[in-house]
Amino acid sequence: MHVRIESDGEKLALTELQDWLARDPRARALSVTAVSAPGPTMGALDALEIILGSAGDIANFAVGYAGWRLARAGGRVRGARTLTFGGSTVDVSGLDPEQLADLLRRLEAGDADDGAAPS
């Protein structure tokens, strides 16, 4: 399963998330690839692509993402809150780790009726 976390206009958030996942004991084994688009901000992150190969990977990413979000500025979510998988794009900023893991499992199974607001 390949998911993509978008910058949402705040590219620094992606760098922080990438660093957080690399330090998280459970999430550091995940394949996380930085994506940058050519243009005036060349070299700036536009997205992170993450490969989740198992249910354990899904859970580890969900816990790592939620931990990063809570650790930032009193939990205020800014940037890196849009998850894209296939044709579905979802704002995951309000999901706890269990809800995010459940969403990812549903997306993988092809059931996007997750209670979150796809765009």
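This one's a predicted model, so the numbers in the text were calculated from it and none came from an experiment.

Caption draft 1: Highlighting the side chain of Thr 84. Tracing the chain through its elements places Thr 84 in strand S4 (residues 82-85). One polar contact links Thr 84 to Thr 89, side chain to side chain, over a distance of 3.5 Å. Residues in contact with Thr 84, not counting those within four places in the same chain, are His 2, Val 3, Arg 4, Glu 6 and Thr 89.

Caption draft 2: Structural detail: helix H1 (residues 11-23). Under the 1.5 Å per step criterion, the end-to-end length of H1 is 19 Å for 13 residues, consistent within 8% with the ideal 18 Å. Those residues of H1 that are buried are in contact with strand S1 (2-6), strand S2 (31-35), strand S3 (47-51) and helix H2 (55-71).

Caption draft 3: Structural view of the environment of Gln 18. Checked against the element boundaries, Gln 18 lands in helix H1. In this structure, Gln 18 is in contact with Val 32, Ala 34, Leu 45 and Leu 48, ignoring residues within four places of it in sequence.

Caption draft 4: Representation of the packing of H2 against helix H3 (residues 97-109). Following both chains from N to C, one finds H2 and H3 inclined at 140°, their axes separated by 8 Å at the closest point. In this view, H2 runs oblique relative to H3, as classed from their interaxial angle. Where H2 crosses over H3, the handedness of that crossing is right-handed. Contacts from Ile 58, Phe 61, Ala 62, Val 63, Tyr 65 and Ala 66 in H2 reach Pro 97, Leu 100, Ala 101, Leu 104, Arg 105 and Glu 108 in H3.

Caption draft 5: Focus on H2. When the terminal C-alpha atoms of H2 are compared, their 24 Å separation across 17 residues agrees well with the 24 Å that a helix rising 1.5 Å per residue should span. By the burial criterion, the buried members of H2 are Ile 58, Phe 61, Ala 62, Gly 64, Tyr 65, Ala 66, Trp 68 and Arg 69. If you follow the buried residues of H2, they end up packed against S1, H1, S3, S4 and H3.

Caption draft 6: Spotlight on the environment of Gly 56. In this structure, Gly 56 sits in helix H2. Taking the C-alpha atoms as reference points, Gly 56 and Ala 101, separated by 45 residues in sequence, lie 9.6 Å from one another.

Caption draft 7: The pairing of S1, seen in detail. Because side chains alternate across S1, one face comprises the buried residues Val 3 and Ile 5, and the other comprises His 2, Arg 4 and Glu 6, none of which is buried. As defined by bridge partners, S1 adjoins S3 across 5 bridges and the pair is classed as antiparallel. Counted as the bridge partner of Val 3 is Ile 50 from S3. In the sheet, S1 pairs with S4 via 3 bridges, with the strands oriented antiparallel. Note that in S4 the partner of Arg 4 across the bridge is Thr 84.

Caption draft 8: Molecular detail of the nonpolar core. Of all hydrophobic cores here, the largest spans 29 residues; its most connected members are Leu 52, Phe 61, Leu 83, Leu 100 and Leu 104. Those elements that provide at least two residues to this core are S1, H1, S3, H2, S4 and H3. Not counting the four nearest positions on each side in its chain, Phe 61 is found in contact with Ile 5, Leu 21, Leu 30, Ile 50, Leu 52, Leu 83, Leu 100 and Leu 104.

Cut-off values and rules
Residues take numbers from 1 onward in each chain, read along the sequence in its written order. Per-residue local features are limited, in this predicted model, to residues with pLDDT of at least 70; the limit for side-chain atom pairs, both in listing and counting, is 80 or more; totals at the level of whole chains, interfaces and linings are taken over all residues. In computing side-chain properties, one takes all heavy atoms of the structure into account and sets aside hydrogens as well as water. Each helix is a run of H or I in the DSSP string that is no shorter than four residues. Each strand is a run of E no shorter than two, and both are numbered from the N terminus. We define a polar contact as two N or O atoms separated by no more than 3.5 Å, with the added condition that, inside protein, one atom must be a possible hydrogen donor and the other a possible acceptor, whereas residues neighbouring each other in sequence contribute only through side-chain atom pairs. Contact criterion: two residues are considered in contact whenever any of their non-hydrogen atoms come within 4.5 Å of each other. Multiplying 1.5 Å by the residue count of a helix minus one yields the expected span of that helix. For every element, the axis is a line fit to its C-alpha atoms; helices are fit only across the contacting stretch, and the angle between N-to-C directions ranges from 0 to 180 degrees. Any angle that falls under 35 degrees is termed roughly parallel, while one over 145 is termed roughly antiparallel, one within 65 to 115 roughly perpendicular, and all others oblique. Handedness of a helix crossing follows the sense of rotation of the near helix relative to the far helix, less than a right angle counterclockwise being left-handed and clockwise being right-handed. Buried means the residue's accessible area, taken with a 1.4 Å probe over protein chains only, is under 20% of the maximum for its type, while exposed means over 50%, and partly exposed covers the values in between. Only strands joined by at least two bridges in the DSSP assignment are considered to pair. For this analysis, a nonpolar core means a set of buried residues of the types Ala, Val, Leu, Ile, Met, Phe, Trp, Tyr and Cys, connected via side-chain atoms within 4.5 Å.

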